[in-house]
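# Residue-level structure breakdown
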Amino acid sequence: MLDHPNPAPANPTLDPFALAKAISGYHFIGGRYTPARSGKTFDVVNPATGETVATAADGDAADVEAAVADAARAQKEWARVPARKRGALVYQAANLIREHVEELAKLVALETGKALRTESRVEANNVADIFEFFGGLGGEIKGETVPFGPDVLNITVREPLGVVGAIIPWNIPMMLMALKAAPAIVAGNTIVVKSAEEAPLAVLRIVELMNRVLPPGVFNILSGQGPECGAPLVAHKLVKKVTFTGSVETGKIIARGAADKLIPATLELGGKSPMIIFADCDFEKTVAGALTSMRFTRQGQSCTAASRIFVQRPIYEKFVAEMAKRVDAMVMGDPLDEKTDIGTIISTGQFEKVKGFIAEGEKTAGATGRACSAMPKDPALKKGLFIQPYIFTGLTKDSRLVREEIFGPVTVVFPFDDADAVLADANDSEFGLAATVWTNDLKTAMRFAHNLEAGLVQVNQNLVVQPNLSYGGVKASGLGKEASLESMLEHFTHKKTIMVNMA
């Protein structure tokens, strides 16, 4: 292992540009910042200006080998630490993250283009919550006494799996890393994270902060490209569990790799979430909920975004007009500016993809696309990846904008008359991650909640993922659950049965 001095400031810093520069070009392996074995790096670009603000270590199989080897060595000793003590250490580290919330919020806003006030600060606080939540669950890693016979003591115990490989996306990188790392570590595993190419900085800083409390090798992170860094991590013989959030196509590749090794995989693969609005809803609350549900402040870059909205016909026209009016009032601008509601798209590739969907919708006969809000006027942002939110009406249900996950600020609104028909339309998707129902009729709400094909259904709200609420999809939205005690026990431990014949 290369012994490298810690380049990052010990105390919180509110200058994200300086912090980004300080931690440029590093992984964090075995308790140390370390460059890629190859010496290669790639640029980290501020999507609001197009300027390079840092570099990231460009990891490959050699870096994976080093990280997994360190994690495997550390895991044997870490598993011997009593579970409650492991949890207490994670909780202690969460307090340290809490002290750095503002620093992390600004750093993730810089690298992802997510607005500081509406998105990035919320995410940073959620990260601390997640580590605190799982830190308190150490004592729940316990077994059972199972009746078998008068002369046989039959018990079960929960044991860690070993080294966990985690691959995270760029949209909420800190939060999604925490949802994977916290339960894995408290359960007695060690972890190697592969960060998203577009957002490697804030998660790197979090791992360094956690390592001030955790033993070296327990929590490691690599940056790099999928084929060169992610694939060797999944394939490594010492990795005993894989957890991934990202696209369906990549998820299938990872699932095949895990199957070849006969190891478990947790996959969260996106969605095309329906929002169903009945005429008896609380109209003001529902319109506000639509803005939240569509995640416009995150530029629609959310797998739970309400990108298909079905509105009962008596309030359809009123709803579309009011929703557009409220999105118009949202401010697009510099993600680090407290006045900004909406930031940027993450990357040039994603920008072009979203623009392509919008162009296709605008060319569709009978369809209407309304661009909302307004592009920023600051000349410093002229190269920024800003896209106005779009509300489409008049599209047919076989349109690509209706069938495919756009991962951008684009939603499609339909009127409906028949409850059975709209339920069928809502379920007519390859995805099944989340759904919302807006009505004051409890019978209707429960009927739809039970019949919607989704892993998470909310009525009259659309909260982001919360600790202690089981989260995960069905159909092409993935396998397994996150964010709960259930997810820690079922996905990061295995149950061993021990029988003692006392006759």
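Residues numbered from 1 in each chain as written. Predicted model: local features only at pLDDT ≥ 70, side-chain atom pairs only at ≥ 80, totals over all residues. Heavy atoms only, no water.

Selection criterion: UniProt positions are given in the numbering used here, feature names are shortened, and annotations may be inferred rather than shown by experiment.
Identification of the chain as Aldehyde dehydrogenase family protein from Teichococcus aerophilus is taken from an unreviewed UniProt entry. The Sequence similarities (unreviewed entry) comment attached to the chain in UniProt states, word for word, "Belongs to the aldehyde dehydrogenase family."

## Quick word on the overall build of the chain
Where we set the bar: Each helix is a run of DSSP H or I of at least 4 residues and each strand a run of E of at least 2, with the numbering of both proceeding from the N terminus. Note that the radius of gyration is over C-alpha atoms, with the globule rule given as 2.2 Å times the number of residues to the power 0.38. Relative accessible area decides the class of each residue, using a 1.4 Å probe on protein chains only: under 20% of the type maximum gives buried, over 50% gives exposed, and in between gives partly exposed. Note on contacts: a residue pair is in contact if any heavy atoms of the two residues lie within 4.5 Å. Surface accessibility in these figures is a Shrake-Rupley result with a 1.4 Å probe; residues are shielded only by whichever protein chains are displayed.
Counting its regular elements, the chain contains 16 helices and 21 strands. For the chain, whose C-alpha radius of gyration is 23 Å, the value lies close to the compact-globule estimate of 23 Å for 503 residues. Residues counted as buried form 59% of the 503 residues belonging to the chain. Summarising the internal contacts of the chain: among those between residues at least 6 apart in sequence, 75% fall at separations of at least 24. Accessible surface, the chain as shown: approximately 19600 Å² in total, 54% of it carbon and sulfur.

## Structural notes on the nonpolar core
Put simply, the rule reads: Nonpolar cores were defined as sets of buried Ala, Val, Leu, Ile, Met, Phe, Trp, Tyr and Cys residues, with membership established by side-chain atoms within 4.5 Å.
Counting residues in hydrophobic clusters, the biggest one holds 82 residues, and the most contacted among them are Phe131 and Phe219. The dominant element in this core, judged by the number of residues it contributes, is helix α6 (residues 173-186), at eleven residues. Residues in contact with phenylalanine 219, not counting those within four places in the same chain, are Phe28, Phe131, Met177, Ala181, Ile185, Ile191, Val193, Val207, Met210, Asn211 and Leu214. Membership of the second largest hydrophobic core comes to 30 residues, among which are Met294, Ala306, Val413 and Trp438.

## Notes on the environment of glutamate 249
Within the secondary structure, glutamate 249 is located in helix α9 (residues 248-261). Once the C-alpha coordinates of glutamate 249 and leucine 269 are considered, the two residues, 20 residues apart in sequence, prove to be 8.7 Å apart.

## Let's talk about the sheet that holds strand β18 (residues 456-459)
Paired through backbone hydrogen bonds, the strands of a sheet run either parallel or antiparallel to each other. As a reminder, the rule being used: Pairing between two strands is assigned when DSSP locates at least 2 bridges connecting them. For helices, the fitted axis covers only the stretch in contact; all axes are lines through C-alpha atoms, and the angles between them, taken along N-to-C directions, range from 0 to 180 degrees.
What the seven strands build is an open sheet, ordered β13-β14-β15-β12-β11-β17-β18; its pairing is mixed. The strands lining the two open edges of the sheet, one partner per strand, are β13 (368-371) and β18. Averaged over all pairs of adjacent strands, the angle between their axes in this sheet comes to 20°, without regard to strand direction. Relative to strand β14 (residues 390-393), β13 is paired through four bridges, and the arrangement is antiparallel. Within β14, the position partnered with glycine 369 by the bridge is phenylalanine 392.

## Some points on unusual backbone geometry
Even without being a glycine, asparagine 460 presents a positive backbone phi close to 60°. Turning to its location among the elements, asparagine 460 is positioned in the loop between β18 and β19 (474-475). A positive phi is found at lysine 475, a non-glycine position, where the angle reads about 55°. Within the fold, lysine 475 resides in strand β19. Lysine 475 gets classed as partly exposed once you look at its relative accessible area, which sits at 38%.

## Points about the layout of surface pockets
What counts, and what does not: Cavity and pocket criteria rest on a 1 Å grid covering protein atoms alone: a 1.4 Å probe that fits but cannot get out defines a cavity, protein on both sides within 12 Å along at least 5 of 7 lines defines an open pocket, and an atom within 4 Å of a point defines a lining residue. Grid points are joined across faces, edges and corners, and a volume is the space filled by probe spheres set on the points. For this classification, the nonpolar set comprises Ala, Val, Leu, Ile, Met, Phe, Trp, Tyr, Cys and Pro, the charged set comprises Asp, Glu, Lys and Arg, and every other residue, Gly included, is treated as polar.
Within this model, the largest pocket holds a volume of roughly 990 Å³. Lining the largest pocket are 40 residues; nearest its centre among them are Phe244, Thr245, Gly246, Ser247 and Thr250. Listed by contribution, the elements that provide at least two residues to the lining of the largest pocket are α8 (226-235), β9 (239-245), α9 and α12 (348-363). For the lining of the largest pocket, the residue count by class is 20 nonpolar, eleven polar and nine charged. Contributing to the lining of the second largest pocket are 16 residues, with Thr118, Glu119, Thr292, Thr297 and Val464 lying nearest its centre. Per-element accounting of the lining of the second largest pocket gives the leading share, five residues, to helix α5 (residues 116-135). Of the residues that constitute the lining of the second largest pocket, the class distribution is seven nonpolar, four polar and five charged.

## As for the packing of aromatic side chains
Put simply, the test is: Here a Phe, Tyr or Trp ring, Trp counted by its six-membered ring, pairs with any other such ring whose centre lies within 6.5 Å, and the pair is stacked when the planes are under 30 degrees apart, edge-to-face when over 60, and tilted otherwise.
What the rule picks out here adds up to eight aromatic pairs. Seen from their ring centres, phenylalanine 28 and tyrosine 33 are 4.9 Å apart, and the 80° between their planes marks the pair as edge-to-face. On the accessibility criterion, phenylalanine 28 (3% relative accessible area) is buried. Judged by relative accessible area, which is 1%, tyrosine 33 ranks as buried. Each ring, one from phenylalanine 133 and one from phenylalanine 134, has its centre 5.0 Å from the other, and the planes form 75°; the classification is edge-to-face.

## Things to note about a nonpolar patch on the surface
Quick note on the threshold: In this analysis, a patch consists of residues with relative accessible area above 30% that form no salt bridge, clustered at 9 Å for like charges and at 5 Å for the nonpolar side chains Val, Leu, Ile, Met, Phe, Trp and Tyr. Salt bridge, as used here: a side-chain nitrogen of Lys or Arg that lies within 4 Å of a carboxyl oxygen of Asp or Glu.
A grouping of Leu153, Ile498, Val500 and Met502 is seen on the molecular surface, where their side chains present a nonpolar patch of about 310 Å² in accessible area. Relative to the helices and strands, methionine 502 resides in the segment after β21 (493-501). Residue classification places methionine 502 among the exposed positions, given a relative accessible area of 52%.

## Observations concerning empty space enclosed by the protein
Summed over the entire model, instances satisfying the criterion amount to three cavities of 30 Å³ or more. Surrounding the largest cavity, 15 residues form its lining, Ile172, Ser302, Thr304, Val465 and Tyr471 being those nearest its centre. Along the walls of the second largest cavity sit 15 residues, with Pro274, Arg308, Phe431, Gly432 and Glu453 positioned nearest its centre. Taken together, the elements giving at least two residues each to the lining of the second largest cavity come down to α14 (419-427) and β16 (431-432). Broken down by class, the residue content of the lining of the second largest cavity amounts to six nonpolar, five polar and four charged.

## Some points on helix α11 (residues 316-328)
The following threshold applies: The length a helix should cover is 1.5 Å for every residue beyond the first.
An ideal rise of 1.5 Å per residue puts 18 Å on 13 residues; α11 measures up with 18 Å between its terminal C-alpha atoms. Listed in full, the buried residues belonging to α11 are Tyr316, Phe319, Val320, Glu322, Met323, Ala324 and Val327. Where α11 is buried, its residues touch β11 (274-277), α10 (283-293), β12 (308-312), β13, β14 and β15 (410-416).

## Description of the pairing of strand β6 (residues 163-167)
What counts, and what does not: Every crossover in which the path from the first strand over the helix to the second runs clockwise, viewed with the strands pointing away from the viewer, is termed right-handed.
Burial of β6 is extensive: five of the five residues sit out of reach of the surface. Of the two faces of β6, the one holding Val163, Gly165 and Ile167 and the one holding Val164 and Ala166 are both buried throughout. Note that β6 and strand β7 (residues 190-194) share five bridges and pair parallel. Looking at the pairing, glycine 165 lines up with valine 192 of β7. For the crossover from β6 across α6 to β7, the handedness is right-handed. Bridging between β6 and β9 involves five bridges; their strand directions are parallel. The residue bridging isoleucine 167 from the neighbouring strand is phenylalanine 244, located in β9.

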